[in-house]
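A structural walkthrough
For reference, the chains in residue letters:
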Amino acid sequence: MVTTAYEVLVDWDDNGDYVGVYDDISADTFQFQFRRGRDYASQVSGNSTAGKLTLRLNNEDGKYSPSNASSVLAGNLEVGRPIRVGRGASNTYPYTFPFQFGEEFVSIWTGKVESIKPEPSGTGLNMAVLTAVGPLGYINDQVPVSEQQTDIRTDEAITFILDEVGWSATQRDLAVGQTTMRRWWTDSSNTITALRIVEETENGFIKEKANGDIAFESRNTRLYPPYITSQATFSDASNATHTYLQLEQKDPIETVINTFEALYRSYLVTGQPDLWVYPETGTDSPQLAAGETRTFIAEYPNNSSPPEAVAVSSWMLPLQSGVDVIANNAADGSGDDASSGLLIQTNAGQTNRLRIIVTNNWVNPNTGRPQTVWLQTLKARGTPVHLKDTTLVSQSAPASVTKYGERKFTADTPFFPYLATAQSWCNYQIQMYSTPINIMTMTFNANVSQNNMDAALQLDVSDRITLDATGNARLGVLEDFFIEEVNHSVTDGGQVHMVTWKLSPADSGYTQFWKLDTGELDSTTVPAY
């Protein structure tokens, strides 16, 4: 039996060093499971998902009980604490709890604590279950917002989103995008959804790495080293270097998609009309007492907007006193103009919203005293973005539709920059997925050999492997696959380390773009875009 040394570290002080007295919780860990990658092993329909880690901990002394004021970790058992699981330097491992750990540390999972739930027992050992989420899960509760962006590459949009939600620039690994969006914005989607829209526009992939980085693959990433070389061959042969325990093949017919659709949208940007007008006027107009500050949110599109309105290209700033904001010291507007006494501030950090902050500093010149005013006019002007035209493009494989029935996939992204780009996206996908492909789920025991253990600890999402299922498995499959999801389970005090990978075929994914002097066009490769 081959075992390894595991370390489980939590930065309870949240200072970035993992060297606190109680940061190493390896000795309290009975077992752990983690996963990360796509929710489905398909490069077209599989979505980026947040990783998850679950630990079962010895809580006999109440150390991991958040309500226990006498715990040595009292006050530090907080959500959001950095956590990482990895392997140490030693290849020896005791066959009993607790975990042993070595001097070096190499991460195999990194994230943030999501919850700690004690599980007291009346007869057995008191336990606690700690769950953690990967980087994407940690930032997903936020809603990134942007102003209108023009001529922005997909990786630049990813950068904007990560900046907006406060994700460190040192924890990113972003490939240069191949698509430049003529117009892009985000204002109402959570982080993962916003990232997925950009991901689909590029035909790329957002993922979490073992060290906690958020990575972005362009549609060309897997065309180049190290993704063009298989890192290991797993086989059902008795003398195989790497062996597997279980292999599950998704019904290849279910993988068929023979009609792809994409909607190209063109936009019209023109004029500087009133985009938003406060609805209450006259005696119902908003009242500001002397010295009072009120905040108003201008939003476009709104109920008064034309149906083709989609966004704001830019707000006309600053707002002009006496034009955009008009105040009077009488509710019906019959008194003195008080517009000059207003302090008007704005915050236009969002594409479709403008925060207007109005402070009443008006002093009545007749009395020399501050006085209540009513806002008779309050509006925001700007340059609107209107949907000019929409064109649905599609590509079908008639022979496949006849054979399997129509199986359709429609792109969600509204940001294809050109009609030709949307058409190229459809054309490429149909050549990949109009015939059955092999999507596999493979499980292996890391403890049966050093080769299996090395593969378990070193290979990750997007790595390329070879699968040989031509022997006892009788599947007739001998081809290369990409790892799309990793799932690890370490139990029995570390004696049993099981790994499950979800695999997509390398020869029917993005590696089939044609490259100069590589492959035969329309035979082993297809046109790139």
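Keep in mind that what you see is a predicted model, and the values were worked out from it rather than measured. (Residues numbered from 1 in each chain as written. Predicted model: local features only at pLDDT ≥ 70, side-chain atom pairs only at ≥ 80, totals over all residues. Heavy atoms only, no water.)

1. Considering the packing of aromatic side chains
Taken as a whole, this structure holds 16 aromatic pairs when the rule is applied. Between Phe-260 and Trp-425, the aromatic rings sit 5.9 Å apart at their centres with planes inclined by 80°, giving edge-to-face as the arrangement. Taken together, the positions of Phe-260 in strand S15 (residues 259–269) and Trp-425 in helix H5 (residues 419–433) put the pair 165 residues apart, joining distant regions of the chain. Consider the rings of Trp-276 and Tyr-278, whose centres lie 6.2 Å apart with planes at 75°: the pair is edge-to-face. Connected via pairs of aromatic rings, a cluster forms that spans Phe-260, Phe-409, Phe-416, Trp-425 and Tyr-433. Against the face of Phe-205 rests Arg-38, its NZ or CZ located 3.8 Å from the ring centre. (Phe/Tyr/Trp six-rings, centres within 6.5 Å; stacked < 30°, edge-to-face > 60°. Helix = DSSP H or I, 4+ residues; strand = E, 2+ residues; numbered from the N terminus. Lys NZ or Arg CZ within 6 Å of the ring centre and 35° of its normal.)

2. Overview of H5
Given 3.6 residues per helical turn, the α-helix brings residues three or four places apart onto the same face. In this model, H5 (15 residues) spans 22 Å end to end at C-alpha, consistent with the 21 Å of a helix rising 1.5 Å per residue. Every buried residue of H5 is accounted for by Thr-421, Ala-422, Trp-425, Cys-426, Tyr-428, Gln-429, Ile-430, Met-432 and Tyr-433. On its buried side, H5 packs onto helix H3 (191–202), S15, strand S25 (373–396) and strand S26 (408–410). (Expected span 1.5 Å × (residues − 1). Buried < 20%, exposed > 50% of the residue type's maximum accessible area, 1.4 Å probe, protein only. Contact = heavy atoms within 4.5 Å.)

3. Observations regarding the sheet that holds strand S8 (residues 172–174)
Neighbouring strands of a sheet are bound in pairs by backbone hydrogen bonds; such pairs are parallel or else antiparallel. Reading across from one edge, S8-S11-S10 is the order of the three strands in this open sheet, with mixed pairing throughout. On the outer flanks of this sheet lie S8 and strand S10 (205–208), each paired with one strand and no other. Strand-to-strand, the axes of this sheet are offset by a mean angle of 15°, without reference to chain direction. Pairing geometry for S10 and strand S11 (residues 214–217), over four bridges, is antiparallel. Paired with Lys-207 across the strands is Ala-215, a residue of S11. Its contacts with the sheet put helix H2 (residues 154–164) on S8, S10 and S11, and the angle it makes with S8 is roughly 160°. (Pairing = 2+ DSSP bridges. Axes fitted to C-alpha atoms, helices over the stretch in contact; angles between N-to-C directions.)

4. Observations regarding the nonpolar core
Generally speaking, a soluble globular protein has its nonpolar side chains buried in company with each other. In this structure, Phe-234, Met-442 and Trp-501 are the most contacted members of the largest nonpolar core, which totals 49 residues. Here Phe-234 is in contact with His-242, Thr-243, Tyr-244, Met-442, Phe-444, Asn-452, Ala-455, Ile-465, Thr-466, Leu-467, Asp-468 and Trp-501, once residues within four sequence places are set aside. (Core = buried A, V, L, I, M, F, W, Y, C linked by side-chain atoms within 4.5 Å.)

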